[in-house]
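Analysis of the macromolecular model
Spelled out, the chains give:
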Amino acid sequence: MAQLSIPSASLAHTTPTAVHHSRSLFQIDIKNAFLYGDLKEKIYMEQLPGYVAQGETHKLANHFQTKDPGQLKYFLGIEVARSKEGTTLTQRKYITDILQEYGLLGAKLADTPMEVGLDLHNDQSLELKDNTMYRRLVDKLVYAIVTRPDISFAVSIVSQFMEHPNKIHLEVAQRILRYLKGALGKGLLSKPNNLLNIEAFSNADYADSKLDRKSITGYYVFLGGNLVSRKKMLLLGPV
């Protein structure tokens, strides 16, 4: 079976292509000096000649310290599971660790990421004395979107209050976490498809942000029926 070596940032994008071509995902860790410094220049890399199969890392090992974990199962908080249906990316352990960090392992579950029609605003009387915990939680939720795009909108809302969050904002962010707790096993499933066609869907409102009256737009891109890219953003002016 052919192999496909990929960088971690492209995992969610590459998985549908690998499933379509019946290829396996493998991981190789390379220890190199440039990883420990600040790099401002753009670096373009390609697979080294001669590395074609699992276990054949001796040619790389002549120049770098390498580790060959084999077939990809867990990488940077993302769990990879294969079945007859396809390949699923989840973050069960990552989310569980966040729940434990914030003392919410025994918290009540939430049916939705956010209450419908919730109107958030800046209230200095309720402002948190230390916003470190809030910022840290929101940053962790942003990474959870990699396999849970269903929380994208809710996370984008709480991200608007990073500078001066209050107690209500924290409760809303924790609600997103309680929602994730109720479906730890959910994630992105890439199914085999005879056609590797590209489909894109987008939508936008008109000055719908109640906080600053900005317009909101977003898009989803599918490859072979599998989600590979999505984004939600605030626009500077009305659409």
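Now for a quick tour of the structure. Each chain has its residues counted from 1, following the order in which its sequence is written. Given that the model is predicted, a residue must reach a pLDDT of at least 70 before its local features are reported, and side-chain atom pairs must reach 80 or more before they are shown or counted; all residues, however, enter totals for whole chains, interfaces and linings. With hydrogens and water set aside, each side-chain value is computed from the structure's full complement of heavy atoms.

1. Structural notes on the pattern of salt bridges
Let me state the cut-off plainly: By definition here, a salt bridge exists when the distance from a side-chain nitrogen of Lys or Arg to a carboxyl oxygen of Asp or Glu is within 4 Å. Helical segments are the DSSP runs of H or I of at least four residues, strand segments are the runs of E of at least two, and each set is numbered from the N terminus. Relative accessibility thresholds used throughout: buried, under 20% of the residue-type maximum; exposed, over 50%; partly exposed, between the two (1.4 Å probe, protein chains only).
Summed over all chains, the structure comprises four salt bridges. Two residues, Lys140 and Glu101, come together in a salt bridge whose shortest N-O distance is 3.7 Å. Of this pair, Lys140 sits in helix H4 (residues 132–144) while Glu101 sits in helix H3 (residues 92–101), and the two are 39 residues apart along the sequence. Look at Glu101 and you get partly exposed, because its relative accessible area is 39%. Residue Asp150 pairs with Arg148 through a salt bridge whose shortest N-O separation is 2.9 Å. Given a relative accessible area of 2%, Arg148 falls into the buried group. Salt bridges sharing partners connect three or more residues here, namely Glu101, Arg136 and Lys140.

2. Let's talk about the sheet that holds strand E7 (residues 188–190)
The following threshold applies: DSSP bridges decide pairing: two strands pair if at least two such bridges lie between them.
Taken together, the four strands give an open sheet; going across it, the order is E4-E5-E6-E7, and neighbouring strands pair in antiparallel fashion. Looking at the sheet topology across the chains shown, the edges are occupied by strand E4 (74–75) and E7. As paired elements, strand E5 (residues 78–82) and strand E6 (residues 87–90) share four bridges and run antiparallel to each other. Residue pairing in the sheet places Glu79 in a bridge with Thr90 of E6.

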